[in-house]
Amino acid sequence: MSLCRIALIALMLCCWNLRDAVAEEAPTPAALEFFEKKVRPLLVDHCYECHGEKKQRGGLRVDTREFLLKGTDNGPGIIPGRPDDSRLMHAVRYEDELKMPPKAKLPQESIDILAEWIKQGAAWPAAAPTAGTKSGDPLAWKSHWSLQPVRKPALPAVKNSGWVRNDVDYFILGKLEEQGLTPSPAADRRTLLRRAYFDVTGLPPSFAEVQAFEQDTRPDAYELVIDRLLASPHYGERWARHWLDVARYADTKGYVFQEDRNYTQAFTYRDWVVKSLNNDLPYDQFLMKQIAADQLVTDGDQSDLAAMGFLTLGRRFLNNINDIIDDRIDVVMRGTMGMTVNCARCHDHKYDPIPTQDYYSLYGVFASSDEPKDGNFPLRLVDSPKPHNVQIFVRGNSGNRGAEAPRRFILAVAGEQRKNFEKGSGRLELAQAITNADNPLTARVFANRVWGHYFGAGLVNTPSDFGLRSSPPTHPELLDELAREFMDSKWSIKQLHRRILLSATYQQASFSRPEAEKVDSENRLVWKMNRRRLEFEGLRDNLLAVSGQLDPTIGGPAVQLEATPFPKRRTLYGFIDRQNLPGLFRTFDLASPDTHTPQRFTTTVPQQALFMLNSPFLMETLTQLVHRPDVVALSDINERIRLIYQLIYSRQPSSRELELGAAYIQAAQDVPPAELAAASPWQYGYGEFDTAASRLKDFHPIPKWTGKSWQGQDQLPDPQIGWVSLNANGGHPGNDLQHAVIRRWIAPRDGTLNVRGRLKHPAGEGDGVLSRVISSRSGVAGEWTAQKSEASTKVEGIVVQAGDQLDFYTDCRTSPSHDSFEWTFKLRLEPSAPNQQSEWSSQADFQGPPPSPLPVWERYAQVLLMANEFVFVD
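Read on for a plain summary of the structure. Keep in mind that this is a model prediction, so the values were computed, not measured.

**With respect to the nonpolar core**
Ranked by internal contacts, the top residues of the largest apolar core, which has 164 residues, are W243, Y269 and W451. At 8 residues, helix α19 (residues 442–455) tops the list of elements feeding residues into this core. Excluding residues that lie within four positions of it along the chain, Y269 makes contacts with W243, L244, A247, Y249, Q290, A306, A307, G309, F310, L313 and L379. One finds Y686, V769, V773 and W840 within the second-largest nonpolar core, a separate group that totals 31 residues.

**Things to note about the sheet that holds strand β16 (residues 779–786)**
Strands pair in a sheet through their backbones, by hydrogen bonds, and they do so in one of two ways: parallel or antiparallel. In space, the 6 strands of this open sheet follow the order β8-β5-β13-β19-β15-β16, with antiparallel pairing throughout. The sheet is open, and its two borders are formed by β8 (700–701) and β16, each paired with just one other strand. Summarising the sheet, strand β15 (residues 769–775) and strand β19 (residues 805–811) pair through 6 bridges and their orientation is antiparallel. Within β19, the residue paired with I774 across the bridge is D807.

**Some remarks on the side chain of S650**
Within the secondary structure, S650 is located in the loop between α28 (637–649) and α29 (655–669). Using a relative accessible area of 1% as the deciding quantity, one classes S650 as buried. The contacts of S650, once residues within four sequence positions are left out, are R190, R194, P205, S206, F207, V210 and Y645.

**Digging into the packing of aromatic side chains**
Aromatic rings considered in pairs are described by the distance between their centres and by the relative angle of their planes. Inspection of the entire model under this criterion finds 45 aromatic pairs. Between the aromatic rings of W784 and W823, the centroid separation amounts to 6.1 Å while the plane-to-plane angle is 65°, which identifies the pairing as edge-to-face. Of this pair, W784 sits in strand β16 while W823 sits in strand β20 (residues 821–830), and the two are 39 residues apart along the sequence. Each member of the pair, W784 as well as W823, is classed as buried. One aromatic cluster in this structure is built from W243, W272, Y283, F286, F310, F446, F486 and W491. Over the face of the ring belonging to F699 we find R744, whose NZ or CZ atom lies 4.1 Å from the ring centre.

**Considerations on the state of the cysteines**
This model, assessed by the stated rule, comprises 0 disulfides. Left unpaired, C47 is separated from the closest cysteine sulfur, that of C50, by 8.8 Å. The class of C47 is buried, set by a relative accessible area of 8%.

**Details of unusual backbone geometry**
The omega angle of the peptide bond from L716 to P717 is 0°, so this bond is cis rather than trans. One can find P717 in the loop between β10 (710–711) and β11 (725–726). Of note, the amide linkage connecting E830 to P831 takes the cis form, showing an omega dihedral of -5°. Examined against the element boundaries, P831 turns out to sit in the loop between β20 and β21 (839–841). If you check the backbone angles, R248 has positive phi at about 45° while not being a glycine. Residue placement: R248 occurs in the loop between α11 (233–246) and α12 (266–278). A positive phi angle is found at K490, which is not glycine, with a value near 60°. Its place among the elements puts K490 in the loop between α20 (476–488) and α21 (493–501).

What counts, and at which threshold
- Residues numbered from 1 in each chain as written.
- Predicted model: local features only at pLDDT ≥ 70, side-chain atom pairs only at ≥ 80, totals over all residues.
- Heavy atoms only, no water.
- Core = buried A, V, L, I, M, F, W, Y, C linked by side-chain atoms within 4.5 Å.
- Buried < 20%, exposed > 50% of the residue type's maximum accessible area, 1.4 Å probe, protein only.
- Helix = DSSP H or I, 4+ residues; strand = E, 2+ residues; numbered from the N terminus.
- Contact = heavy atoms within 4.5 Å.
- Pairing = 2+ DSSP bridges.
- Phe/Tyr/Trp six-rings, centres within 6.5 Å; stacked < 30°, edge-to-face > 60°.
- Lys NZ or Arg CZ within 6 Å of the ring centre and 35° of its normal.
- Disulfide = S-S within 2.5 Å.

The values are spatial; any link to function lies outside them.
Structural data, given as structure tokens:
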């Protein structure tokens, strides 16, 4: 065997092993949730009876991942990442002698779920020790950190007490000193002010505001800035968006058959959140009104009923009430307490002390709540006239009922002596239990969320899972300090913000330090401030602000952000379509509105850069920016550059930046605009063929681009050129031989051209069309007629030189009727050349007029807007 072949086989084996290794990586929370909600119920309902702990028909057991991987003597049951090679899939697809389940084939949807699970790596939660502890003590969960009472901890002793600004810093500094680390120096004043503005309001400071802060020598200058920002109405807008991620906010229901899928009053919930945060509504009241406002409002003021959108604005799941209630349980329990109660829908929670009965206790609360058909307050719930308990759905199957589950709070928090809910549905009592000062989870969860938004990572890195499988907090005493003070300040959200913002920890610089990187590469000890990229809302709002376009109006109905003319409202007010979430939102990692979002993903993909390069919104922003009255009033290049820097970065340019900018502007002004336009080898026109000369007689550009086709005017026929039109797939010739349609391709270099395509005349009437390939160098290279038929249009060996024209010509023959045609073809130029295009497609390359090049000042501003200094907080 040759060495090359041995090396190839070795490489293939290496890649195969690497593939398997990748499949064995720790499963993501999303993959585990998919297993628990979709896969495990399938296995329980259809497989465990014959292939579980008590019985293993055929030697196969499927109740653990290890047994599935082991399979039988005939091989493994599953191969992670390879569903088509997994015997389990062969069995459920009825592809071999073993058919599972034997009585009836699974629905295709269930088969697809199993295939997707295996394809994703067959995630399966790691085996939990008995009762979630290594000791096997069934009550050991009671010692879990998140379920302990919130107590005010003692401040740790520190050496560098001069660095400390408030109690937050003692806990950070104590951990740093334990590891031999020191905190970073304070950020410079401009950086600190921009950080605070973006974090608190989501908007940038003006250059004048930066200057004023830099020159303010008062010892409490920064404190005064923070108080002003927290009093700004834009604070509520910024932090409402964070809460709307938790609340899985959207303006639509998702797919709901033929009914109206819009939540026409969804914006009233969004506006209620903004108003409540601006008014510093205590957090306990903030939660209680979102769960039970119908039982708290007075006859005189019912505006708080909008708060119940927290429950009612979820996905509608084709109006499946079981899934709707499951979604409400999830958003309440994960959103407020970090407890994954919905994992107990089909079985007792595998890790946390949440029995299935607790899930159905909460299910009964929401099953006893109705949505009244009330046009004035459409988002609310009310208690049903006959509140009732429900029976447990055995294995999640509503058709298989078990014991009754009394409506009450969860065991892990309420304890064995918990009382049943007695007031109507129990929603108000549920809200009171969640916000009770003795509840160890609620304050901790919210304090951790706020900390995470400021630092890019929470003290607990699973913000919506404080259960037994969560990572312990990096600073447990600090988390308790924040939670205890939060409750002691009467649940004031603004006071929680203030404590964090005024800490020396928050005011640290964000530059890296090698000695600290070696000890704590992930900055879990917070020895510096993390650099954070602006979220989509911050990026878009910043673009509007610096270009002078931002509409500061608070509240109101949602707007379509991608509609033209582009709205100037803050991104918070964009319409969120749950079923058809715009690709722009996905590109920039907007929270999915389908379910509660603990924290957003942060991705870096080419589409983000392309948005900043050529999106129509960005183009309009650039035009507005450089044509601001204060910008165009400056004729001096240096003065204009200074102002643009002040607008975009809230600072003056350095002397080097000023020098480079001026040189760029001057050099670009000397380049003719035509040289900046993107060159295309294609032109679209009409003309006449000279039969005697076997050449094209003339070529006239088609004047009108509709967005989809070239033609004479919007409505055909055009009075001058008739039915002439070209589109990506073909077109229509004019009424006579003087108006044949022509696609012209211009050779970019010397070579030999090969053409392959297909001509079709789809009409059942008329005399068809005649098409030619005509070279400006050698004349007709190919000719075909199509009449109610198709023809292959293959031409090889056309010699071309750079600048030669190849015309793809079609006329109406003798009759101008029924002459629509389809003609798509591909070109290949030989020999190929390095870094040069060699293939072209009439269909894929079809386009309108090339965009006009950006003027020089717009191009200069675009460069500044794409820099990290603009798109990052620090």
